[in-house]
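# Structure assessment
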Amino acid sequence: MAALSLRNVIKRYGHGPKANQVIHGVSAEIPDHEFVVIVGPSGCGKSTLLRMVAGLEEISAGEIRIGDRVVNNLEPSERDIAMVFQNYALYPHMTVFDNMAYGLKIAKVPVPEIKTRVDKAAGILELGHLLTRKPRELSGGQRQRVAMGRAIVRQPKVFLFDEPLSNLDAKLRAQTRLEIQKLHRELGITSLFVTHDQVEAMTLAERIIVMNGGVMDQFATPEEVYSRPATTFVASFIGSPPMNLLRHAPGVRPGMILGIRPEHLSLDANGWSVQVEHVELLGAERLIYGRIGEEPLIMRVDEGQAPPVAGDTVKIAARQDKLHWFDAGSGKRSP
Ligand SMILES: Nc1ncnc2c1ncn2[C@@H]1O[C@H](COP(=O)(O)OP(=O)(O)OP(=O)(O)O)[C@@H](O)[C@H]1O
């Protein structure tokens, strides 16, 4: 096991004036054993970053270290990493056992040692009874567990996950998330996990890297990313529905943006006047979509409160201890 360190990592595709820079100097120190999730919208550079750590993509500038080794110029096979992909990439003609054992056979690990490692991984992943099956005889979730098993048996220093849950249905995704957490508790292998799903990021990560257009906007615990987002981008990307960002509401100075989460607003006779446009019922709660002046505002109301209806004008106030201020020019949090 090992720490993982990214220092001012840059990626350009192409050369000369036509070069397209897609990663703009990312630095992150990930201590040994930590589970870090990289999250961001499509095209923000998550996969590119992961593939550079894996050695599948060259680094244009900067340094990547695994433990005390600079790995910039090492082949993927020399980096002591194991990667789990979205499409499990299992060999269809091989049994589960052989799929898990394959990498070790290639590396000429002695046969009894292979058996010990595969049996141990199969035990952890509850695959023991499936070892003689072929991938086509497995469910999607089981195939994903085999793909993880294949990664575990290699006893890597770092695990890399590239959207491994995105082919699973919602229920299986939640279940596999729990399995990955359990696996991490048992093995403690430093992990980098890429997803575009903020729920996955919030539930799995010890710390989250939020990427925005090739820039790392924030690297912090899920709690901090939610309660102290570093930029308006993070504020609107993490949390559902997203944080309200107001430029013109009463009390907001020019050049500033006020952020307030829908769950931190409430009906209050002393509050702002809000025109209600639409009300959405979501089981135990309701979402009120309205406008304060020209700006859209979303508010969450719990069951039990008499909800307004479309067309009403209501008074809404924000919890004063839950206000977020951002600089309108840079989008950065203002302390
Ligand atoms: N081989 C390539 N040549 C040129 N540009 C590329 C190449 N691969 C990726 N890019 C560009 O780099 C940027 C980052 O891509 P990347 O695949 O890392 O994004 P991502 O965040 O993983 O997105 P997604 O969630 O859609 O997979 C994108 O703008 C993409 O178009």
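Residues numbered from 1 in each chain as written. Predicted model: local features only at pLDDT ≥ 70, side-chain atom pairs only at ≥ 80, totals over all residues.

Naming follows an unreviewed UniProt entry, where the protein appears as Sn-glycerol-3-phosphate ABC transporter ATP-binding protein UgpC of Variovorax ginsengisoli.

## Description of the nonpolar core
To be explicit about the condition: The nonpolar core criterion groups buried Ala, Val, Leu, Ile, Met, Phe, Trp, Tyr and Cys residues into a set whenever they are joined through C-beta atoms within 7 Å. Partly exposed residues are those whose C-beta has more than 12 but fewer than 20 other C-beta atoms within 10 Å; 20 or more makes a residue buried and 12 or fewer makes it exposed, with C-beta atoms placed from the backbone. Domain segmentation is taken from an automatic or database assignment of domains. Residue pairs qualify as contacts under a 7 Å threshold applied to their C-beta atoms, which are placed from the backbone.
Counting 86 residues, the largest nonpolar core has V37, I38, V53, V158, L160, L192 and V210 as the members making the most contacts within it. For this core, the two domains that each supply at least three residues are domain 1 (4-231) and domain 2 (241-327). Setting aside its immediate chain neighbours within four residues, L192 contacts L4, V36, I38, L50, V53, V158 and L160.

## Side note on helix 4 (residues 140-152)
Defined as follows: Put simply, DSSP marks the helices as runs of H or I at least four residues long and the strands as runs of E at least two long, and each gets a number from the N terminus on. Here, expected helix span is obtained from the residue count minus one, scaled by 1.5 Å.
The end-to-end C-alpha distance of helix 4 is 19 Å, a good match for the 18 Å that 13 residues give at a rise of 1.5 Å each. All of the buried residues in helix 4 are R143, Q144, R145, V146, A147, M148, G149, R150, A151 and I152. Buried residues in helix 4 make contact with strand 6 (81-84), helix 2 (96-106), helix 3 (111-124), strand 7 (158-162) and helix 5 (170-187).

## Points about the packing of helix 4 against helix 5
Going by this rule: An axis is simply a line fitted to the C-alpha atoms; with a helix, the fit covers only the stretch in contact. Between two such axes, the angle follows the N-to-C directions and lies from 0 to 180 degrees. Roughly parallel here means an angle under 35 degrees, roughly antiparallel means over 145, roughly perpendicular means 65 to 115, and every remaining angle is called oblique. Crossing handedness is defined as follows: a turn of the near helix away from the far one that is anticlockwise and smaller than a right angle gives a left-handed crossing, while the clockwise case is right-handed. Just so you know the grouping, Ala, Val, Leu, Ile, Met, Phe, Trp, Tyr, Cys and Pro go in nonpolar, Asp, Glu, Lys and Arg go in charged, and all remaining residues, Gly too, go in polar.
For the pair helix 4 and helix 5, the least separation of the axes is 11 Å and the interaxial angle reads 20°. Viewed along their axes, helix 4 and helix 5 adopt a mutual orientation that is roughly parallel. Considering the relative orientation of helix 4 and helix 5, their crossing is right-handed. Residues G140, G141, Q144, M148 and I152 of helix 4 lie in contact with helix 5, whose contacting residues are L172, Q175, T176, L183 and L187. Considered class by class, the residues forming the contact of helix 4 with helix 5 number five nonpolar, five polar and no charged.

## Quick look at the site of the ligand
Selection rule: Using the backbone to place each C-beta atom, any residue with that atom within 6 Å of a molecule or strand is considered near it.
If you check the shell around the ligand, you find Y13, N20, V22, G40, S42, G43, C44, G45, K46, S47, T48 and H196 and nothing else. Contributing elements (two or more residues each) for the shell around the ligand: strand 2 (20-30) and helix 1 (46-54). At three residues, the largest contribution of residues to the shell around the ligand is made by helix 1.

## Side note on the sheet that holds strand 16 (residues 313-318)
Note the threshold: Two strands make a pair as long as DSSP finds a minimum of two bridges between them.
Judged by pairing direction, the sheet is antiparallel, and its four strands sit side by side in the order 15-14-13-16 without closing on themselves. Both edges of this open sheet fall to strand 15 (295-302) and strand 16, since each of them pairs with a single strand only. Each strand of the sheet is rotated relative to its neighbour by a mean of 50°, with strand direction disregarded. Summarising the sheet, strand 13 (residues 265-282) and strand 14 (residues 285-292) pair through seven bridges and their orientation is antiparallel. Paired with Q275 across the strands is R291, a residue of strand 14.

## Digging into unusual backbone geometry
In terms of backbone geometry, most residues other than glycine have negative phi values and most peptide bonds are trans. Note the cis peptide between S240 and P241, where omega equals -5°. Looking at the secondary structure, you find P241 in the loop between helix 8 (232-237) and strand 11 (244-246). Backbone geometry at Q155 places phi at a positive 45°, although glycine is not the residue there. You can see Q155 is positioned in the loop between helix 4 and strand 7. A count of 14 C-beta atoms within 10 Å places Q155 in the partly exposed class. Here the phi dihedral of E163 falls at roughly 45°; this positive angle occurs in a residue that is not glycine.

## Things to note about the sheet that holds strand 11
In spatial order, the strands read 11-12-17; together these three strands make up an open sheet with antiparallel pairing. Two strands in the sheet have a free side with no partner beyond their single neighbour: strand 11 and strand 17 (324-327). Going across the sheet, the axis of each strand differs from the next one's by a mean of 30°, ignoring polarity.

## As for the UniProt feature "domain: ABC transporter" (unreviewed entry) in the protein
Threshold: UniProt positions are given in the numbering used here, feature names are shortened, and annotations may be inferred rather than shown by experiment.
When the UniProt feature table is mapped onto this chain, "domain: ABC transporter" (unreviewed entry) is found at residues 4-238. Here residues 4-238 is 36% helix and 26% strand, with 25 Å between the C-alpha atoms at its ends.

## Quick notes on the packing of helix 2 against helix 4
Look at helix 2 against helix 4: their axes get within 8 Å of each other, and the N-to-C directions meet at 30°. Helix-helix and strand crossings are classified by hand; for helix 2 and helix 4 the assignment is right-handed. The segment helix 2 lies against helix 4, with V96, N99, M100 and G103 engaging V146, G149 and R150. Here the contact of helix 2 with helix 4 is composed, by residue class, of three nonpolar, three polar and one charged.

## Let's talk about the environment of V9
On the secondary structure map, V9 appears in strand 1 (residues 4-13). Owing to 24 C-beta atoms within 10 Å, V9 belongs among the buried residues under this scheme. Considered as a pair, V9 and S60 are 51 residues apart in the sequence and their alpha carbons are 7.6 Å apart. Apart from the residues within four sequence positions on either side, V9 is in contact with I23, V26, M52, I59, G62 and I64.

## A look at the domain arrangement of the protein
Along its sequence, the protein is organised into domain 1 (4-231) and domain 2 (241-327). Domain 1 and domain 2 are separated by 39 Å when their C-alpha centres are compared.

## So, the environment of V252
You can see V252 is positioned in the loop between strand 11 and strand 12 (256-260). Along the primary structure V252 and W325 are separated by 73 residues, whereas in three dimensions their C-alpha atoms are 9.2 Å apart. Sequence-distant contacts of V252, that is, excluding residues within four places in its chain, are made with L246, R247 and L258.

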